Amino acid sequence: MSESSNITLQLRERGGQETDIDFASVSNLLVAGGSAADRQTIFDAVSRQVPPDRVYTIGSDDIDGAEYDLIDITRIALADYKRSDSTEAALQERFVIIEDLALLLKADEGFFTESVMSLAVMADRTRLHVIAGLGDTWRSALSENLRNAFAGRIAFRCENAQGYRVVLGRTVKNPPQRGEFYYVEKDGRTRLCSLLAAS
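The shown structure was predicted, so the numbers you read here are calculated from the model rather than taken from an experiment.

**Student:** Residue-level account of the environment of V26, with values.
**Tutor:** Relative to the helices and strands, V26 resides in the loop between β2 (18-22) and β3 (29-32). Once the C-alpha coordinates of V26 and R153 are considered, the two residues, 127 residues apart in sequence, prove to be 9.4 Å apart. If near-sequence neighbours (up to four positions away) are discounted, V26 is found in contact with I21, A151, G152, Y183 and E185.

See the structure below:
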């Protein structure tokens, strides 16, 4: 996506250097590990920057209606994707926040894997970003293809080394402390960070 994004997450690495997650280059974000409250800090930091009518939230209590919600969201994204006269500047930035992707995968792994990956593939053209959280049951549900659909991945503290391998694609030597997380982009660079603020 060449058009700049107005939405960023400001981070501070443990060593003190500041960086950010810019949704112009990190079109989709996976947030795993930690508690629901940890993951919610990331969702809230994004939501505060986006007008309410441009954020679609699928909560942990919305599983029964999630299939219909994603069908509608996909239809909107496809309409933008197919508009030959669309320019990135003309398309409004929108976000789909899935609070617990593992619950969706448990309900219908095939459908929700395909839906989320389709949205992720279209993100660069449509400016619709997917941010997905993973709760306690995610370790056995996350395929490598689905993980790699997310340009950015965050891992709060995990129970064991396998958790970091599944999300980040590698093990880590120093577990994150309270409020910290590992952040990795598709280029493989991994940073131990904390969230500063939404800009």
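**Student:** Break down the environment of V184 for me, with residues and values.
**Tutor:** Mapped onto the elements, V184 comes out in strand β8 (residues 180-185). Along the backbone, V184 and I154 are 30 residues apart, and their C-alpha atoms lie at a distance of 6.6 Å. For V184, the residues in contact, after removing those within four places along its chain, are A151, G152, R153, L168, R189 and T190.

**Student:** A description of the packing of aromatic side chains should follow, citing residues and the corresponding values.
**Tutor:** Counted under the stated rule, the structure contains four aromatic pairs. Considering the side-chain rings of Y164 and Y182, the 6.3 Å spacing of their centres and the 80° angle between planes classify their relative orientation as edge-to-face. Within this pair, whereas Y164 is found in helix α5 (residues 161-168), its partner Y182 is found in strand β8, the two being separated by 18 residues in sequence. Neither Y164 nor Y182 differs from the other in exposure class; each is buried.

**Student:** Explain the pairing of strand β1 (residues 8-13) residue by residue, including any values.
**Tutor:** Across five bridges, β1 lies against β2 in antiparallel orientation. For L11, the partnering residue across the bridge sits in β2 and is T19. Where β1 folds back on β2, the antiparallel hairpin that results is connected by four residues, among which G16 adopts a positive phi of roughly 110°.

**Student:** Describe the pattern of salt bridges, naming the residues involved and giving the relevant values.
**Tutor:** One pass over the full model with this rule turns up seven salt bridges. The shortest N-O distance in the salt bridge between E13 and R189 comes to 3.8 Å. With a gap of 176 residues between them, E13 in strand β1 and R189 in the loop between β8 and β9 (190-198) connect regions that are remote in the sequence. The class of R189 is partly exposed, set by a relative accessible area of 45%. Ionic pairing is found between D72 and R75, a salt bridge with its closest N-O pair at 2.8 Å. Note that D72 and R75 are positioned in helix α2 (residues 63-82) at a spacing of three residues, about one turn of the helix. Taking the relative accessible area as the measure of exposure, R75 reaches 51% and is therefore exposed.

**Student:** Describe the environment of D64, listing the residues and the values that go with them.
**Tutor:** By the element assignment, D64 lies in helix α2. On the basis of relative accessibility, which here comes to 77%, the residue D64 falls in the exposed class. Counting along the chain gives 40 residues from D64 to L104, while the straight-line C-alpha distance between them is 9.2 Å.

**Student:** Lay out α5 in plain terms, naming residues and giving numbers.
**Tutor:** Restricting attention to buried positions, one finds in α5 the residues G163, Y164, V166, V167 and L168. The arc that holds the buried residues of α5, viewed along the axis, is 165°, so those residues lie on one side. Each element contacted by the buried residues of α5 is listed here: β3, α4 (144-148), β7 (152-155) and β8. Between the side-chain oxygen of the N-cap and the backbone nitrogen of Q162 there are 3.1 Å, and the N-cap of α5 in question is N160. Count one or two residues on from α5 and you reach G169, which has phi positive near 85°.

**Student:** So what about the side chain of R153? Which residues, and what values?
**Tutor:** Its place among the elements puts R153 in strand β7. Within the local environment of R153, its side chain forms a polar contact with the backbone oxygen of L168, the two atoms lying 3.4 Å apart. If sequence neighbours within four positions are ignored, R153 has contacts with L29, L30, R147, N148, V167, L168, Y182, Y183 and V184.

**Student:** Describe helix α1 (residues 36-47), naming the residues involved and giving the relevant values.
**Tutor:** Taking 1.5 Å of rise per residue, 12 residues should cover 16 Å, and α1 covers 16 Å from first to last C-alpha, within 8% of that figure. For α1, the full list of buried residues reads R39, I42, F43, A45 and V46. Along the long axis of α1, the arc covered by the buried residues comes to 160°, so they all point the same way. The exposed residues of α1 that point more than 90 degrees off its buried face are A36 and A37.

Definitions and limits used
- Residues numbered from 1 in each chain as written.
- Predicted model: local features only at pLDDT ≥ 70, side-chain atom pairs only at ≥ 80, totals over all residues.
- Heavy atoms only, no water.
- Helix = DSSP H or I, 4+ residues; strand = E, 2+ residues; numbered from the N terminus.
- Contact = heavy atoms within 4.5 Å.
- Phe/Tyr/Trp six-rings, centres within 6.5 Å; stacked < 30°, edge-to-face > 60°.
- Buried < 20%, exposed > 50% of the residue type's maximum accessible area, 1.4 Å probe, protein only.
- Pairing = 2+ DSSP bridges.
- Salt bridge = Lys/Arg side-chain N within 4 Å of Asp/Glu carboxyl O.
- Arc of directions from axis to C-beta.
- Polar contact = N/O pair within 3.5 Å; in protein donor to acceptor, adjacent residues only side chain to side chain.
- Expected span 1.5 Å × (residues − 1).

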